[in-house]
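Fold and contact review
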Amino acid sequence: MFSMIPTATLPRVPSITPLFSPTRPFLRCHWHRPMAMTTRKHSFIPMSSSYQVGGTSKSVQQEQSGDDDNTSHYEALLKGGEQVTSVLQEMITLLEDMDMDEASEQVAVELAAQGVIGKRVDQMESGFMMALDYMIQLAEKDQDDKRKSLLEVIKEAVLSHLTKKCPPHVQVIGLLCRTPQKESRQELLRRVAAGGGVFKSENGTKVHLPGANLNEIANQADDLLETMETRPVVPDRKLLARLVLIREEARNMMGGGILDERNDRGFNTLPESEVNFLTKLVAMKPGKTVQEMITNVMQGKDEGADDSEGEGDSSSEKFSGGIAGRSSVTGRKPLPVRPGMFLETVSKVLGGIYAGNISGITAQHLEWVHQKTLQILQEIAFS
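Residues numbered from 1 in each chain as written. Predicted model: local features only at pLDDT ≥ 70, side-chain atom pairs only at ≥ 80, totals over all residues. Heavy atoms only, no water.

**Some thoughts on the overall build of the protein**
Within the protein, the secondary structure is distributed over 12 helices and 2 strands. Its helices and strands in sequence order give the protein the pattern α-α-α-α-α-α-β-β-α-α-α-α-α-α, from N to C terminus. The proportion of buried residues among the 383 residues of the protein is 40%. Of the contacts formed within the protein by residues at least 6 apart in sequence, a portion of 69% connects residues at least 24 apart. A total accessible area of about 21400 Å² is found for the protein, and carbon and sulfur atoms account for 50% of it. (Helix = DSSP H or I, 4+ residues; strand = E, 2+ residues; numbered from the N terminus. Buried < 20%, exposed > 50% of the residue type's maximum accessible area, 1.4 Å probe, protein only. Contact = heavy atoms within 4.5 Å. Areas by Shrake-Rupley, 256 points an atom, 1.4 Å probe, with all protein chains shown as cover.)

**A few points about the packing of helix α6 (residues 182–193) against helix α8 (residues 237–253)**
α8 packs onto α6 with a crossing angle of 55 degrees between their chain directions and a minimal axis gap of 11 Å. Relative to α8, the element α6 lies oblique. In terms of crossing hand, the pair formed by α6 and α8 is right-handed. Residue-level contacts link Lys-182, Arg-185, Gln-186, Leu-189 and Arg-190 of α6 to Leu-245, Glu-249, Ala-250 and Met-253 of α8. (Axes fitted to C-alpha atoms, helices over the stretch in contact; angles between N-to-C directions. Parallel < 35°, antiparallel > 145°, perpendicular 65-115°, else oblique. Left-handed = near helix turned anticlockwise from the far one by under 90°.)

**Some details on helix α9 (residues 272–282)**
Burial within α9 is extensive, with 8 of its 11 residues counted as buried. Among all positions in α9, only Glu-272, Ser-273, Glu-274, Val-275, Asn-276, Phe-277, Leu-278 and Leu-281 are buried. Check the buried side of α9 and you find it contacts α10 (288–298), α11 (339–354) and α12 (363–382).

**Brief notes about the layout of surface pockets**
Counted as a void, the largest pocket has a volume near 1600 Å³. What lines the largest pocket is a set of 33 residues, and nearest its centre among them are Lys-155, Glu-156, Leu-159, Asp-236 and Leu-239. Listing elements by their share of the lining of the largest pocket, those giving two or more residues are α3 (128–141), α4 (145–164), α5 (168–177), α7 (214–229) and α8. Broken down by element, the lining of the largest pocket gets its largest block of residues, 8 residues, from α4. Residues belonging to the lining of the largest pocket are distributed by class as follows: 17 nonpolar, 5 polar and 11 charged. (1 Å grid on protein atoms, 1.4 Å probe; cavity = no way out; pocket = protein on both sides within 12 Å on 5 of 7 lines; lining within 4 Å. Points joined across faces, edges and corners; volume = space filled by probe spheres on them. Nonpolar A, V, L, I, M, F, W, Y, C, P; charged D, E, K, R; others polar.)

**Here we look at the packing of aromatic side chains**
Per the counting criterion, the structure on display carries 1 aromatic pair. Arranged with centres 5.4 Å apart and planes meeting at 55 degrees, the rings of Phe-277 and Phe-342 form a pair that is tilted. Residue Phe-277 is located in helix α9, and its partner Phe-342 is located in helix α11; the two are separated by 65 residues in the primary sequence. No difference in accessibility class separates Phe-277 from Phe-342, as the two residues are buried. (Phe/Tyr/Trp six-rings, centres within 6.5 Å; stacked < 30°, edge-to-face > 60°.)

**Considerations on the nonpolar core**
Ile-217, Leu-281, Met-298, Phe-342 and Leu-377 are the most contacted members of the largest nonpolar core, which has 47 residues in total. Counting residues per element, this core draws most heavily on α12, at 8 residues. Not counting residues up to four positions away in its chain, the partners in contact with Met-298 are Arg-237, Pro-339, Phe-342, Thr-373, Ile-376, Leu-377 and Ile-380. (Core = buried A, V, L, I, M, F, W, Y, C linked by side-chain atoms within 4.5 Å.)

**What about the side chain of Gln-83?**
Among the structural elements, Gln-83 can be located in helix α1 (residues 58–96). The exposure class of Gln-83 is buried, given its relative accessible area of 18%. When near neighbours in sequence (up to four residues on either side) are disregarded, Gln-83 contacts Arg-120, Gln-123, Met-124, Glu-125 and Phe-128.

**Regarding the packing of α9 against α11**
Following both chains from N to C, one finds α9 and α11 inclined at 65 degrees, their axes separated by 10 Å at the closest point. Relative to α11, the element α9 is oriented roughly perpendicular. For α9 against α11, the interelement crossing comes out right-handed. Where α9 approaches α11, its residues Glu-274, Val-275, Phe-277, Leu-278 and Leu-281 are matched on the opposing element by Met-341, Phe-342, Thr-345, Val-346 and Val-349.

**With respect to the pattern of salt bridges**
For the structure on display, the rule yields 17 salt bridges. In this structure, Asp-222 engages Arg-251 in a salt bridge whose closest nitrogen and oxygen atoms are separated by 3.9 Å. Taken together, the positions of Asp-222 in helix α7 and Arg-251 in helix α8 put the pair 29 residues apart, joining distant regions of the chain. The exposure class assigned to Asp-222 is buried, which follows from its relative accessible area of 10%. Connected through shared salt-bridge partners, Asp-222, Arg-247, Glu-248, Arg-251 and Glu-344 make up one network. (Salt bridge = Lys/Arg side-chain N within 4 Å of Asp/Glu carboxyl O.)

**Topic: the environment of Leu-239**
Turning to its location among the elements, Leu-239 is positioned in helix α8. Apart from residues no more than four positions distant in its own chain, Leu-239 is found in contact with Cys-177 and Met-228.

**Observations concerning unusual backbone geometry**
One non-glycine residue, Gln-143, lies in the positive phi region at around 60 degrees. Tracing the sequence through the fold places Gln-143 in the loop between α3 and α4.

**Remarks on α5**
Buried residues dominate α5, accounting for 7 of its 10 residues. By the burial criterion, the buried members of α5 are His-169, Gln-171, Val-172, Ile-173, Gly-174, Leu-176 and Cys-177. Considering only its buried residues, α5 is in contact with α4, α6, α7, α8 and α12.

**Topic: the environment of Tyr-74**
Looking at the element boundaries, Tyr-74 is found in helix α1. By relative accessible area, which is 3% here, Tyr-74 ends up buried. Taking the C-alpha atoms as reference points, Tyr-74 and Gly-127, 53 residues apart in sequence, are found 9.3 Å from one another.

**Brief notes about the confidence of the model for the protein**
Put simply, the protein has an average pLDDT of 75, and 70% of its residues get 70 or more. The least confident element of the protein is α1, whose mean pLDDT is 75; the most confident is α10, at 95. (pLDDT = per-residue confidence, 0-100.)

In structure tokens form, the structure reads like this:
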């Protein structure tokens, strides 16, 4: 996304190591160059073959459109970067007069971030999170763990404040995404399904849980999954795995389980890639080899590898063109195997077996595949 932006003009956060030292060098947060726009406009000289009298050639229009997009991204990033820098400076001001040891330093930083973000969240530029993510990438690239940690604290504070403005079931999904233990997620789901309330966490702090409907939680997670999985490239594998776990655990907690009619909202035609992969799995004996195959696909390898070239390369034979190698029903190249769609496919087939409409595949084998997939996604989500 940022390949079109000159690196020298992007915001960089100085080292956080001396954040609490008496000299406060971190206060000198700055841009490498002045904030004024310095983008250069491209010169569009149409070739004679595309020259038109009384109009603009198509090639020129496309280049101008691309230049406008680049400029808008650049402006959004600069404005967002200015706000991130301003947030950091205000946090430093708040922390300057505090007498802290190493044990209380992290808590103080988190409180400062919550306070500063709380006042600014409604006035944030659209490029704030984009700039923040880019700064985090730079810190990771520079192997500056302290800078990365501070920026991630700010990001968590922003997400926390934005979550509070969301409907209850969306707030619950945000809480579940930050809950690594399966048992804790199940307890959280039970409490929100019972109406929510104020509870004490493991460290003694009070946590307010909103009341929410399990079906709405599962459906919201499923909608988010669909948005992520229908893209040629999955942007965040960890988040994807967490959303799959949330959807499956919320559905499992509803009374009817797999056969619950409220769960029957997915696709009506089973996806080709997932069916092909499932067919391959059930043809093998459950064991280590099958588990490794599932692990690789859930991690985005083999049949689950992202299609980085998009859908333009129709000649690629990386994936089967249809079910069991037959020609594709839609005539289009199917997407790679996706975790959410794969488990949805397994559930649909299991539901058919339990309803007595499908024979030849043992429910026990599919149940094993389902459980192993969830275990693998748990490791991916919170490793």
